[in-house]
Amino acid sequence: MKTTATAQTKGFPLPSSLKVVVGTEGAQAAYPYYMQFTKEDDGRFWFYNSMHFPEPMSVFDMITAEAAYCALGSANTRVHCLPTTLGIDYRVLNGRVYIGGNAVTDPAEIEKRTQEFQKRAFYYYANWERLFAQWKDKMMGLIRAAEALPKLDLPEFEPIEHVHAGRGIASNHYILETYQKTLEGYFRMWHHHFEFLLLGYGAYLTFFDFCKKAFPEISDQTVARMVAGIEAEIFRPDDELRRLAKCAIDLGVDGQFREGVAPGEIIRSLEQLGEPGLAWLKELAISRDPWFNINSGDGFYHYHRSWNDDLSMPFAALPGYIANAKRGERLERHTERLMAERQQLIADYRELLETDEDRGAYDQMIELAHRVFPYVEGHKFYCEHWYTNLFFNKIREFGALLTKHGFFDDTEDVFQLSHFELETAIIDLMTAWSNGSLPRGPERWPAIVRERKEAIAEWAKHETPPALGPVPDIIDDPAIVMLWGITRDNLDTWLTADEQPDSNEIRGFAASAGVVEGTARVVKTVEEIGRLRHGDILVCHVTNPTWAPIFQKIAAAVSDIGGSMSHAAIVAREYALPAVVGTGTATQKIRDGQRIRVDGGRGVVTLLD
Amino acid sequence: MPSSEIIGWFADIDLSDRPTVGGKGGSLGELTRASIPVPPGFVVRTAAFERFLNALEKEEPIRSKVEALGSHELDKILALSQELRARLERAPLPDDVNSEILAAYVELCGKDNNPPLAVRSSATTEDAADASFAGLQDTYLWTIGARATLRSVRSCWASLYSTPSITYRRKRGLPESSVAMAVVIQGMVKAQKAGVMFTRSPLTGDRSVVTIEGAWGLGSAVVSGEVTPDRWVIAKITGEISVREISDKHVQHLPAPGGGVEEAETPEDLRRVPCLSDAEIAALKDIAKRVERHYGRPQDIEWAIDQTGEIRLLQSRPETVWSSKGRAPVAKPAENPLQHVMKIFGGRR
């Protein structure tokens, strides 16, 4: 089903022609005014950020867009002063997030910003190691502060110790304070997230651009392999599973891990085994903190739960790792081998360069890319995974508290309120607790929550145009190119996409070479991971490092979102599995159980029946 | 029999012998000596051609007649070409030349065997990196028997006096005394599929990929452009296949029953099927890399895969189009390496 939109000659529909789905106007109005399209927005180019926000966003989850774009924009516009671009504007319609770049076009302004950029960004590059070490300290401090936020409690009477200590401030105040600190931490985390990110990508893209000119037919993934780090924290969760598989064998409890058995059942059977089972569970606890703080998704939605919150993913992977180990396969990642392969690849391409000057420039660029890229890979575990988990789980505590006081039917309903509305509900509750009357929220929120949930379900059924507004002649905004891979060529493909509706081919980014035919297993949620059988082709929405453990048993991977530098692409290459990512529509167009062919070198998925 | 002034076995010659075995012959010798699989054979050296020509010139001059022509005198070139080709094709070979070629033929084919042979012109000016002279001289495929082989050798020599050949030489002002022709005689590959490959992308000049084109049957269908071949692009270093274009290969060249080549329709069930497997593509790529490494420069290669699945190279010559362009460096080392990032952050320049 298509959202009604008037086609515009040689361009995408105008924002004003895109209508709110009938019956969801109330839910649309819940998004803050500054996220709503206005008539003036028709003059600008927007695109749907399906990479980060592939599903309609609940009004609370929009805080991720808000905090992220606020931090990204600050870094670009005010901190590093990128010469040709400011920040990213965003709007939301039918739960879909549209974004648009703010290009700098005045040559004098670009020149002025270039001067600033070289004083700031170059300083970062030159002092990268020190600043990055400092970043890790800051980030760990932030994580510890979030973990230390108090539990929420509104007792009937203040604890007597508080009174005797003369605390003077009642518990309801700490509810509000904790909420505000929770939000403050989240906004702050996103500043940390973007402190290095664009500079890191920029160095990578500099090398990428050189390679594409020197070797016009080199694949994106080959350049990615030359730059990709090997020991980033993001690989650690998967490493921990390998470790746990080995522990299970060493302790003789490996027989307990069978495909298709729920984690809870396995844990119970281990407990009943006594000593060896308990020893394994102790090892599990060691791995869980902090390495299971990794999301099943990209961490942008409240329902992307972590391994710690849902053990399905790690437990689905364990039987495979155990079987591999018993066959005598080495379980540890072959770090040294991977590093040697990377170095060989770099040397082999270097040898193909035709002049000494090219080789000199190549050496400088790869050196810089290697120095800065560990941040690009490493930050994700701390930001998108660990911190985001802490944040959404803290918000869940507010959900539980408000549910207890009748505001919601279910804890998860809290995510149907904007962060402003949530603050009003909290103040409502603290007022009621203080004066002994009943809160007003229970009359107000359940109906609104229902309406918004229905709207999200409705919006999810409607396709949304990939872009809106007039097509720019050229896109040279480095942020847009780097983070979203959007180029003028992409836009032309989108504009003609409707002209070949019957194609049985689905196109995406070529992420990992190879051709495989097999049975598609469309996995929409983590709970479904258990359905994957050896040799299946994984078809999923987001590919994510969290899913790495199941790559040992699949034949190929296809995803709706993700680029050739996404972690899943890296892991697929490591396992030498064909992968096509960023197809946009694979989970919609491929039926569960369908025969498909995945050509990871070309980025094409073919439906065979 | 050992190599001689008249005959050069592939195993005994290399590129430095080009003045006496021609570019093609030298290249086949070079490949043989580098253990790259080529169909076995020998070269009838330029000395044989010179003896033949000298014998003919005793009756009536040839080279001076050609040199007397201007490149624009098309009618005269045409008339002389007809006259000379007829003379060369009719005249008997000098006895020593005749007997040496026959002896080498028997050694290559065995006493009572008459396997099909390829008889190819190998001009000393041909296949040079600076003069893309390919295709101006004749090649005779599926030549069967000693007599036919000798006839083909003469026809190759005569093709040096074809109208386009003479015109080409006159245009470039090449002295006729410098022009000589060797003839390659080698086993024919009963190709089930064949084609060409380039160790540098013909499209972009990219040296990191091998482009392979192939079709069913003999390679002549691909080289002559009578069939649109399947096309693959494979990365030299990673082996990743980034382009697979499978075409409708409606015709194929097959050996004709009485010798020579005939065109036939490709069976329906093969037309749109890739003619190479991934393993074959990888094997061709590996050979292409070896050849390029051996020569130290990009190569254009003709290949075939025989009925048993063995790969054979039919020829390799230096790539001329991109190599002659001379590329400016993509980037130069910067005094401050950080300046490179301005390419990305500095906007359009």
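Caption draft 1: Representation of the overall build of chain B in the model. When its secondary structure is counted, chain B shows 11 helices and 13 strands. In summary, chain B has a C-alpha radius of gyration of 22 Å against a globular reference of 20 Å for 349 residues, a match within 12%. Taking the principal axes of its C-alpha atoms as reference, chain B extends roughly 75 × 50 × 40 Å. Counting over 349 residues, chain B shows a buried share of 45%. Contacts in chain B between residues far apart in sequence, at least 24 positions, make up 66% of those at least 6 positions apart.

Caption draft 2: Representation of the domain arrangement of chain B in the model. Residues and elements named next belong to chain B. Split by domain assignment, chain B resolves into domain 1 (7-187) and domain 2 (191-318). Measuring from the centre of the C-alpha atoms in domain 1 to the corresponding centre in domain 2 gives 26 Å. Counting from both sides, the interface comprises 18 residues of domain 1 and, opposite them, 19 residues of domain 2. Breaking the side of domain 1 that touches domain 2 down by element, the ones donating at least two residues are helix H1 (18-33) and strand S4 (139-143). Examining the composition of the side of domain 1 that touches domain 2, we find that 5 residues originate from one element, H1, more than from any other. Partitioned by chemical class, the residues of the side of domain 1 that touches domain 2 number 13 nonpolar, 3 polar and 2 charged.

Caption draft 3: View of the pairing of S4 of chain B. Residues and elements named next belong to chain B. Here S4 lies mainly inside the structure; 5 of its 5 residues are buried. As defined by bridge partners, strand S3 (residues 117-123) adjoins S4 across 3 bridges and the pair is classed as antiparallel. The residue of S4 that forms the bridge with valine 119 is tyrosine 140.

Caption draft 4: Fine view of the sheet that holds strand S13 (residues 311-318) of chain B. All names here are of chain B. If you walk across this open sheet you meet the 6 strands as S9-S8-S7-S6-S12-S13, and the pairing is antiparallel. Whereas interior strands pair on both sides, the edge strands pair on one side only; in this sheet they are strand S9 (241-245) and S13. On average, adjacent strands in this sheet sit at an angle of 15° to one another, irrespective of strand direction. The pairing of strand S7 (residues 209-216) with strand S8 (residues 230-235) spans 6 bridges and is antiparallel. Paired with glutamate 213 across the bridge in S8 is arginine 231. Across the face of the sheet, helix H10 (residues 278-295) comes into contact with strand S6 (191-198), S7, S8, S9, strand S12 (299-306) and S13 while running at roughly 140° to S12.

Caption draft 5: Structural view of the interface of chain B and chain A. Contacts between chain B and chain A engage 31 residues on the former and 40 residues on the latter. Elements with a minimum of two residues in the side of chain B that touches chain A: S8, S9 and helix H11 (342-345) of chain B. Looking at side-chain class alone, the side of chain B that touches chain A contains 15 nonpolar, 8 polar and 8 charged residues.

Caption draft 6: Spotlight on helix H14 (residues 356-404) of chain A. Given a rise of 1.5 Å per residue, 49 residues ought to cover 72 Å, and the 71 Å separating the end C-alpha atoms of H14 of chain A matches this to within 8%. The largest bend in H14 of chain A comes to about 35°, at valine 372 of chain A, with the proline proline 374 of chain A one to four residues further on.

Caption draft 7: Examining the nonpolar core more closely. Ranked by internal contacts, the top residues of the largest apolar core, which has 172 residues, are Tyr204, Phe207, Ala369, Leu538, Val539 and Val558 of chain A. Considering every element that reaches this core, the biggest residue donor is H14 of chain A, with 22 residues. Apart from the residues within four sequence positions on either side, valine 558 of chain A is in contact with Ile537, Leu538, Val539, Val580, Thr583, Ala586, Val598 and Val605 of chain A. Core analysis: the second largest hydrophobic core is formed by 79 residues, Ala513 of chain A together with Phe10, Leu276 and Ile281 of chain B among them.

Caption draft 8: Spatial organisation of the sheet that holds strand S2 (residues 41-44) of chain B. Residue and element names in this part refer to chain B. Here 5 strands make up an open sheet; going across it, the order is S1-S2-S5-S3-S4 and the pairing antiparallel. Looking along the sheet, the strands with just one partner apiece sit at the ends: strand S1 (7-9) and S4. Within this sheet the neighbouring strands show an average axis-to-axis angle of 20°, counted without direction. Sitting on the sheet, H1 is in contact with S1, S2, S3 and strand S5 (181-187), with an inclination near 30° to S5.

Caption draft 9: Examining the packing of helix H7 (residues 197-214) of chain A against H14 of chain A more closely. All names here are of chain A. At their nearest, the axes of H7 and H14 sit 8 Å apart, and the two run at 145° to each other. Remark: the crossing between H7 and H14 carries left-handed chirality. The residues of H14 that touch H7, namely those facing Leu197, Leu199, Gly200, Tyr201, Ala203, Tyr204, Thr206, Phe207, Phe210 and Ala214, are Asp358, Ala361, Tyr362, Met365, Ile366, Leu368, Ala369, Val372, Phe373, Tyr375, Val376 and His379. Of the residues in the contact of H7 with H14, the class split is 18 nonpolar, 3 polar and 1 charged.

Caption draft 10: Structural view of the pairing of strand S12 (residues 604-607) of chain A. Residues and elements named next belong to chain A. In terms of strand pairing, strand S5 (residues 505-507) meets S12 through 3 bridges, oriented antiparallel. Bridge pairing in S12 places glutamate 505 opposite threonine 606. Note that strand S11 (residues 595-599) and S12 share 4 bridges and pair antiparallel. Across the sheet, valine 598 pairs through a bridge with valine 605, a residue of S12.

Caption draft 11: Focus on the packing of helix H9 (residues 236-250) of chain A against helix H11 (residues 275-291) of chain A. Residue and element names in this part refer to chain A. At their nearest, the axes of H9 and H11 sit 10 Å apart, and the two run at 175° to each other. Our classification of the angle between H9 and H11 gives roughly antiparallel. Within the contact between the two elements, H9 uses Arg236, Pro237, Glu240, Arg243, Leu244, Cys247 and Ala248 and H11 uses Trp280, Glu283, Leu284, Ser287 and Trp291. The residue makeup of the contact of H9 with H11, split by class, is 7 nonpolar, 1 polar and 4 charged.

Caption draft 12: Spotlight on helix H15 (residues 419-435) of chain A. All names here are of chain A. For H15, built from 17 residues, the straight-helix expectation of 24 Å at 1.5 Å per residue is met to within 8% by its first-to-last C-alpha distance of 24 Å. Along H15, the residues that are buried comprise Leu422, Ala425, Ile426, Leu429 and Met430. Angular distribution of buried residues about the axis of H15 spans 135°; they occupy a single face of the element. Of the residues in H15, the exposed ones pointing more than 90 degrees away from the buried face are Phe420 and Asn435. Buried positions along H15 lie against helix H6 (171-195), H14 and helix H16 (441-461). Phi turns positive one or two residues past the end of H15, at glycine 436, with a value near 80°.

Caption draft 13: Representation of the confidence of the model for chain A within the structure. All names here are of chain A. When the pLDDT values of chain A are averaged, the result is 88; 91% of them are 70 or greater. Averaged pLDDT values for the elements of chain A fall to 68 in helix H18 (residues 488-496) and rise to 98 in helix H1 (residues 25-29). In this model, residues 1-9 is a region of pLDDT below 50 whose contacts with residues beyond four sequence positions or in other chains number 20 contacts.

Caption draft 14: Expanded view of the environment of arginine 167 of chain A. Residues and elements named next belong to chain A. Here arginine 167 is to be found in the loop between helix H5 (160-164) and H6. When the 13 C-beta atoms within 10 Å are taken as the criterion, arginine 167 is described as partly exposed. Along the chain, arginine 167 and phenylalanine 392 lie 225 residues apart, while their C-alpha atoms are 29 Å from each other.

Caption draft 15: Here's a closer look at the environment of leucine 15 of chain B. Residue and element names in this part refer to chain B. Within the secondary structure layout, leucine 15 lies in the loop between S1 and H1. Judged by local crowding, leucine 15 falls into the partly exposed class, with 14 C-beta atoms found within 10 Å. With 11 residues separating them in the primary sequence, leucine 15 and glycine 26 have C-alpha atoms 4.4 Å apart. If sequence neighbours within four positions are ignored, leucine 15 has contacts with Gly26, Ser27 and Glu30.

Basis of the calculations
All residue numbers refer to position in the chain's written sequence, counted from 1. For naming, the first written chain is A and the first written ligand is 1, with later ones following in the order written. Residue-level local features of this predicted model are given only where pLDDT is at least 70; pairs of side-chain atoms are given and counted only at 80 or more, and the full residue set underlies all totals for whole chains, interfaces and linings. Under the scheme used here, helices are H or I runs from DSSP no shorter than 4 residues and strands are E runs no shorter than 2 residues, and both carry numbers assigned from the N terminus. Both definitions apply: the radius of gyration is a C-alpha atom measure, and the globule rule equals 2.2 Å times residues to the power 0.38. Three exposure classes are used, based on other C-beta atoms lying within 10 Å of a residue's own C-beta, which is placed from the backbone: buried for 20 or more, exposed for 12 or fewer, and partly exposed in between. Each residue is represented by a C-beta atom placed from its backbone, and any two residues with such atoms within 7 Å are regarded as in contact. An automatic or database domain assignment supplies the start and end points of every domain. Classes in brief: Ala, Val, Leu, Ile, Met, Phe, Trp, Tyr, Cys and Pro nonpolar; Asp, Glu, Lys and Arg charged; the others, Gly included, polar. Being paired, for any two strands, means DSSP has found at least two bridges between them. Helix axes are fitted only over the stretch in contact, all axes being lines through C-alpha atoms; the angle between N-to-C directions runs from 0 to 180 degrees. To estimate the expected span of a helix, count its residues, drop one, and scale the result by 1.5 Å. Each residue is assigned a bend, namely the angle between axes fitted to the seven residues that terminate at it and the seven residues that start at it. One nonpolar core equals one set of buried Ala, Val, Leu, Ile, Met, Phe, Trp, Tyr and Cys residues connected by C-beta atoms within 7 Å. Left-handed describes a crossing in which the near helix is turned anticlockwise from the far one by less than a right angle; the clockwise case is right-handed. Any angle between 65 and 115 degrees counts as roughly perpendicular, while under 35 counts as roughly parallel, over 145 as roughly antiparallel, and the rest as oblique. This arc describes the spread of directions from the helix axis toward the C-beta atoms. Known as pLDDT, the predictor's per-residue confidence is scaled from 0 to 100.

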